[in-house]
Amino acid sequence: MPACVEIFVEVVTGSAAWLGKGLSCVCGQRDESDACPSFDLTPVQEECLHRLQNRIDIAYDSSSPEHQEALRELWNAAFPGEELDDLISEQWKQMGWQGKDPSTDFRGGGFISLENLLYFARNFPKSFQDLIHKHEGDRAMWEYPFAVAGINITFMLIQMLDLEAVKPRTMVGATFIKFLADNESAFDLLYCITFKLMDHQWLVMHASYMDFNDVMKATRSQLERELLQEHITGLNELPSYSLLSQ
C-alpha cells in the first residue's frame, strides 16, 4: 500500500514556498516577461474580487466554533461512519495532515483552504474520495499527503491568479475574474479541477514525493494554457474539468 511521506510545515505566507521541510516550490513564481499592465474591472467584477479577497484574508481560528464545525464536517466527509475522537487527534494523519492538529497546517492557506476542501467533498464526493484513498492509477510507494497537497493548491492558485492585487496583472488573472463574476464559487470550482489535474499529472509523470514541485509546475502550466483558450466561456468547459466525477 502506498505510504504518504510526513512533511513538516515551514510556511512563509504570501511568498512562493512548498509547505514542507526541505522542498522549495517555484510554482508561484513569475518571470518579469509574464508581467502585464493591470486590467480594468467592471463594478461587478471588482465586488466579486473584493469578496474573494476577504475570504483569502480570513485566518484559520482554532477557537472559532464555526471553524471547528467546518473541520468536523471535513472529517465526516472524508471518513463517513468513522467517529473522530477529538479535533486534535492522531486520526487526522489518515487524511494527510502532518500532525494530530490540522490547525497548524492551515497557516499557509487560511480558512479558505478548508472551505476549498469542503466544497470539493460536497460537490465532487467521488473524486474527493478517490484522491484521499488514492483509488486510481499505479501509485508510488511514497505518495503525496492529500491534505497538505490541498493547502498547496489553494496557495498556488492565489499566486497564479494574482488574487491579492487590486486589479489583475496577467491575462490568466483577468480571465479568471470574468469567470468569477459569472459564478461566485469559481475559485472553489477551479480548486477542484486543479486538484484532480494535479493527481492526473502525478500519475502521468510516475511521480514520487520528491517530484511534487515538478508536478505542481506542470499542473500550473497546463491550467494556464486551458484558461487562455479563446473558446472557453466557463470553467466547466476547461478540458481538465472532465477529470472530475461526482
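Residues numbered from 1 in each chain as written. Predicted model: local features only at pLDDT ≥ 70, side-chain atom pairs only at ≥ 80, totals over all residues. Heavy atoms only, no water.

- The chain appears in an unreviewed UniProt entry as ELMO/CED-12 family protein from Forsythia ovata.

Section: the pattern of salt bridges
- Going through the model one piece at a time under the given rule, you end up with 13 salt bridges.
- As a salt-bridge pair, Arg51 and Glu47 come within 3.0 Å of each other at their nearest N and O atoms. Of the two residues, Arg51 and Glu47 both sit in helix α1 (residues 43-56), 4 residues apart, roughly one turn of that helix.
- For Arg51, a relative accessible area of 32% corresponds to the partly exposed category.
- A relative accessible area of 38% places Glu47 in the partly exposed class.
- Here Glu115 makes a salt bridge to Arg55, at a shortest N to O gap of 3.1 Å. Highlighted residues: Glu115 in helix α3 (residues 110-123) and Arg55 in helix α1, separated in sequence by 60 residues.
- The partly exposed category is assigned to Glu115, whose relative accessible area is 24%.
- Taken together, the salt bridges that share partners define one network made up of Glu47, Arg51 and Glu184. (Salt bridge = Lys/Arg side-chain N within 4 Å of Asp/Glu carboxyl O. Helix = DSSP H or I, 4+ residues; strand = E, 2+ residues; numbered from the N terminus. Buried < 20%, exposed > 50% of the residue type's maximum accessible area, 1.4 Å probe, protein only.)

Here's the deal with the packing of helix α2 (residues 65-78) against α3
- Interhelical geometry of α2 versus α3 gives an angle of 35° and a closest axis separation of 10 Å. Helix-helix and strand crossings are classified by hand; for α2 and α3 the assignment is left-handed. Across from Glu66, His67, Ala70, Leu71, Glu73, Leu74 and Ala77 in α2, the residues of α3 making contact are Phe111, Leu114, Leu117, Leu118, Ala121 and Arg122.
- Split by residue class, the contact of α2 with α3 holds 9 nonpolar, 1 polar and 3 charged. (Axes fitted to C-alpha atoms, helices over the stretch in contact; angles between N-to-C directions. Left-handed = near helix turned anticlockwise from the far one by under 90°. Contact = heavy atoms within 4.5 Å. Nonpolar A, V, L, I, M, F, W, Y, C, P; charged D, E, K, R; others polar.)

Things to note about the packing of aromatic side chains
- On inspection of all chains with the given rule, the structure shows 15 aromatic pairs.
- Considering the side-chain rings of Trp75 and Phe79, the 4.5 Å spacing of their centres and the 45° angle between planes classify their relative orientation as tilted. Note on accessibility: Trp75 and Phe79 belong to one class, buried.
- Consider the rings of Phe176 and Phe187, whose centres lie 6.4 Å apart with planes at 80°: the pair is edge-to-face. Note that Phe176 is positioned in helix α6 (residues 171-182) and Phe187 in helix α7 (residues 186-204), a separation of 11 residues in sequence. Per residue, the accessibility class of Phe176 equals that of Phe187, and both read buried.
- Through successive ring pairs, a cluster of aromatic residues spans Phe120, Phe128, Phe146, Tyr191 and Phe195.
- Across from the ring centre of Tyr144, 4.3 Å away, lies the NZ or CZ of Lys134, which sits over that ring. (Phe/Tyr/Trp six-rings, centres within 6.5 Å; stacked < 30°, edge-to-face > 60°. Lys NZ or Arg CZ within 6 Å of the ring centre and 35° of its normal.)

Comments concerning the side chain of Ser127
- Here Ser127 shows up in helix α4 (residues 125-133).
- At 2.8 Å, the side chain of Ser127 and the backbone nitrogen of Ser245 are in polar contact.
- Those residues within four positions of Ser127 in sequence are excluded, and the remaining contacts are Phe120, Lys196, Leu243, Leu244 and Ser245. (Polar contact = N/O pair within 3.5 Å; in protein donor to acceptor, adjacent residues only side chain to side chain.)

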